[in-house]
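Letter by letter, the chains look like this.
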Amino acid sequence: QVQLVESGGGLVQAGGSLRLSCVASGSIFSINAMGWYRQPPGKQRELVALISSSGGTKYADSVKGRFTVSRDNAKNTMYLQMNSLKPEDTDVYYCYVTVRTTPQPYEYQFWGQGTQVTVSS
């Protein structure tokens, strides 16, 4: 089993910054993709940012140029630096990872519990 612990959420004024962290622990052989998602009320969970094991990144159009995703493979940790925050960024942000728990070529997906980000206008 793999556990994900997110931190760094909170309340910030528009234009401010926050840095989210996600630490993975447990039965981890290797971590492939890591990502951040959010789920606006009444909508499906949507991708915010994704980072591959080699460092390739992908962002939602709405956060390009403002958010930066990074990872520290030695610490099994992913970060999301959020700058120039807007009220519409308010949401619960979920950490997502795809993990191999053994040397076998099987991957499993895990989700964190989420961390609340609130941006006031």
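Residues numbered from 1 in each chain as written. Predicted model: local features only at pLDDT ≥ 70, side-chain atom pairs only at ≥ 80, totals over all residues. Heavy atoms only, no water.

Note on placement: E46 falls in strand β5 (residues 46–51). Among the residues examined, E46 registers a relative accessible area of 29% and is labelled partly exposed. In sequence terms E46 and S25 are 21 residues apart; their C-alpha atoms lie 24 Å from each other. The residues touching E46, leaving out its near neighbours within four places in the chain, are W36, Y37, R38 and P40. (Helix = DSSP H or I, 4+ residues; strand = E, 2+ residues; numbered from the N terminus. Buried < 20%, exposed > 50% of the residue type's maximum accessible area, 1.4 Å probe, protein only. Contact = heavy atoms within 4.5 Å.)

On to the state of the cysteines. Summed over the entire model, instances satisfying the criterion amount to one disulfide. Disulfide partner of C22: C95, at an S-S distance of 1.9 Å. Across the S-S bond of C22 and C95 the torsion is about -70 degrees, and the bridge reads as left-handed. With C22 in strand β3 (residues 18–26) and C95 in strand β9 (residues 91–100), this residue pair connects regions lying 73 residues apart in the sequence. The class of C95 is buried, set by a relative accessible area of 0%. (Disulfide = S-S within 2.5 Å.)

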